[in-house]
Amino acid sequence: MIEFKKVTKSYDKRTLILKNIDFKIKTGEFVVLIGESGCGKTTTMKLINRLIDPSSGVVLIDGEDISTVDPIILRRRIGYVIQKEGLMPHMTIGENIELVPKLLKWEKERRKNRAYELLNLLNLDPEIYYEKYPHEVSGGQKQRVGIARALATNPDIILMDEPFSALDPITRESIQDEVLKLQKELGKTIIFVTHDMDEAIKLGERIAFLKDGEILQFDTPDEILKRPASEYIEQFIGKDRIWKTPKKLLVSDIMSKHYWTIEKRSNISRAFNLLKTHDTDFLIVTETEGGRYSEPIGIIFRKNLIYAMENNILRVRDIMDKEFTTIDKDSNLLDVLNKMSSINAKVIPVVDDRNRLTGVITNLGLVNAISKIAPSPEVEEESIGMGDAV
Ligand SMILES: Nc1ncnc2c1ncn2[C@@H]1O[C@H](COP(=O)(O)OP(=O)(O)OP(=O)(O)O)[C@@H](O)[C@H]1O
């Protein structure tokens, strides 16, 4: 684990570049530092491998204050990839990758085996690339070599400072995929600096959002998209981004808890009263009392009650609409839209993994959610009580 405790940094003893960095990165986690130019991302990152030291506060790695560790020894445990891949132009790619292993006096054969292994890992055929010079390969390939070099001594931590920002979008996409795959396979702790929100969302398990030397929010991409901690972050990520990624919007985010239930053996006069008292268009019918936690078995609309009156039917279970579908609370917006359009449903009860009622999606609620005028989460919470069994 990497831990920043109340870290500040000033380069000139006057201006605080980092004001109070206080966060923890778990072992094996992929953390992205994001923020606009000059907010302190690179400075934060360089504190981890002691390219700079804090003005106050401490940085700990696995509980050890790194100010007590020799920077050279520390850096052997930490790979570093920068935007300009920083390869030595007069050395072959093989020699570049073997640079640190050579400093560590690894045997030639061990070094070469490791370089071959890493080139293979990064989809560069060693038979072709090992002997080439940096100027003979593309930008994306150089960046792959940069990553291979950072992995050479098998460090637990990899720092990546805008490593892909100079690459064209297609190369960038594919190398991002490779890094994600690598992290899954190798379980490294990766700290990645970028100012590209798409890149942060794609790569980060958690994103630390920096502004003026402070972390404004440190959370999963989903949480940051759904609940940006400030207007500044909202603007940075683009207000409508969540709508561009409908798979990230879960049913549990857009469902309403504003509904009423009725037990199947109830009399229809009770159904009438409930609809009238609560000015609602529907009731969810449940098998047993305690509606919120039971399985939905039908829906009562006004039209069902009219039918009951016309035909002298007394029980809810005999008139309820049984032709309905439910949706899992972990499904996403796209699933809802597909379901709604395929069966033309007005109300879809939302269920948990044990098929228990946990909310509803209505046509209107969905439109509200999509047009972002849905009630705030606080208002929804207040209505939970009303959604309880009646
Ligand atoms: N060695 C230094 N001496 C003095 N000031 C510095 C030094 N390095 C960085 N700074 C200043 O510290 C601030 C934060 O710089 P830093 O490189 O950490 O920002 P960043 O968020 O990584 O920006 P970018 O996205 O542009 O790389 C900037 O105002 C920068 O000018």
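Heads up: the structure comes first, above all this text.
Nothing here was measured: the structure is a model prediction, and the numbers come from that model.

So, on to the overall build of the protein chain. If you tally the helices and strands in the protein chain, you get 19 helices and 16 strands. Taken against the 2.2 N^0.38 rule, which gives 21 Å for 390 residues, the C-alpha radius of gyration of the protein chain at 29 Å runs more than 25% over that of a compact globule. For the protein chain, the spread of C-alpha atoms along the three principal axes comes to 95 × 50 × 35 Å. A total of 390 residues make up the protein chain; the buried ones form 48% of that total. Across the protein chain, every contact between residues at least 6 apart in sequence was considered, and the portion connecting residues at least 24 apart equals 63%. Across the protein chain, the centroid of the 57 positively charged side chains sits 2 Å from that of the 61 negatively charged ones.

Let's shift gears to the nonpolar core. If you look at the biggest cluster of nonpolar residues, it comprises 41 residues, and the most contacted ones within it are Phe30, Ile97, Ile147, Met160, Phe164, Phe192 and Met197. The element contributing the most residues to this core is helix α7 (residues 139-151), with five residues. What phenylalanine 192 contacts, discounting residues up to four positions off in sequence, is Phe30, Val31, Val32, Leu33, Met45, Met160, Pro163, Phe164, Glu199 and Leu203. The next biggest cluster of nonpolar side chains, apart from the first, holds 27 residues, and it includes Ile25, Val31, Ile66 and Val69.

Within the structure, the ligand sits among Tyr11, Ile17, Glu36, Ser37, Gly38, Cys39, Gly40, Lys41, Thr42, Thr43, Glu162 and His195. Between cysteine 39 and the ligand, the recorded distance is 3.2 Å, taken from a backbone N or O atom to an oxygen atom. Between threonine 43 and the ligand, the recorded distance is 2.5 Å, taken from a side-chain N or O atom to an oxygen atom. Here the ligand, which alone exposes 640 Å², has 56% of that area covered by the protein. In terms of residue class, the shell around the ligand is built from three nonpolar, six polar and three charged.

By way of backbone hydrogen bonds, the strands of a sheet pair with one another, either parallel or antiparallel. Ordered in space as β11-β12-β13, the three strands form an open sheet in which the pairing is mixed. In the strand order of this sheet, the two ends are held by β11 (261-263) and β13 (296-301), each with one partner. Averaged over all pairs of adjacent strands, the angle between strand axes in this sheet comes to 35°, irrespective of strand direction. In the sheet, β11 pairs with strand β12 (residues 282-286) via three bridges, with the strands oriented parallel. Residue pairing in the sheet places threonine 261 in a bridge with isoleucine 284 of β12.

What counts and what doesn't
- Residues numbered from 1 in each chain as written.
- Predicted model: local features only at pLDDT ≥ 70, side-chain atom pairs only at ≥ 80, totals over all residues.
- Heavy atoms only, no water.
- Helix = DSSP H or I, 4+ residues; strand = E, 2+ residues; numbered from the N terminus.
- Rg over C-alpha atoms; globule rule 2.2 N^0.38 Å.
- Buried < 20%, exposed > 50% of the residue type's maximum accessible area, 1.4 Å probe, protein only.
- Contact = heavy atoms within 4.5 Å.
- Lys, Arg positive; Asp, Glu negative; His and termini not counted.
- Charge placed at Lys NZ, Arg CZ, Asp CG, Glu CD.
- Core = buried A, V, L, I, M, F, W, Y, C linked by side-chain atoms within 4.5 Å.
- Near = heavy atom within 4 Å.
- Polar contact = N/O pair within 3.5 Å; in protein donor to acceptor, adjacent residues only side chain to side chain.
- Areas by Shrake-Rupley, 256 points an atom, 1.4 Å probe, with all protein chains shown as cover.
- Nonpolar A, V, L, I, M, F, W, Y, C, P; charged D, E, K, R; others polar.
- Pairing = 2+ DSSP bridges.
- Axes fitted to C-alpha atoms, helices over the stretch in contact; angles between N-to-C directions.

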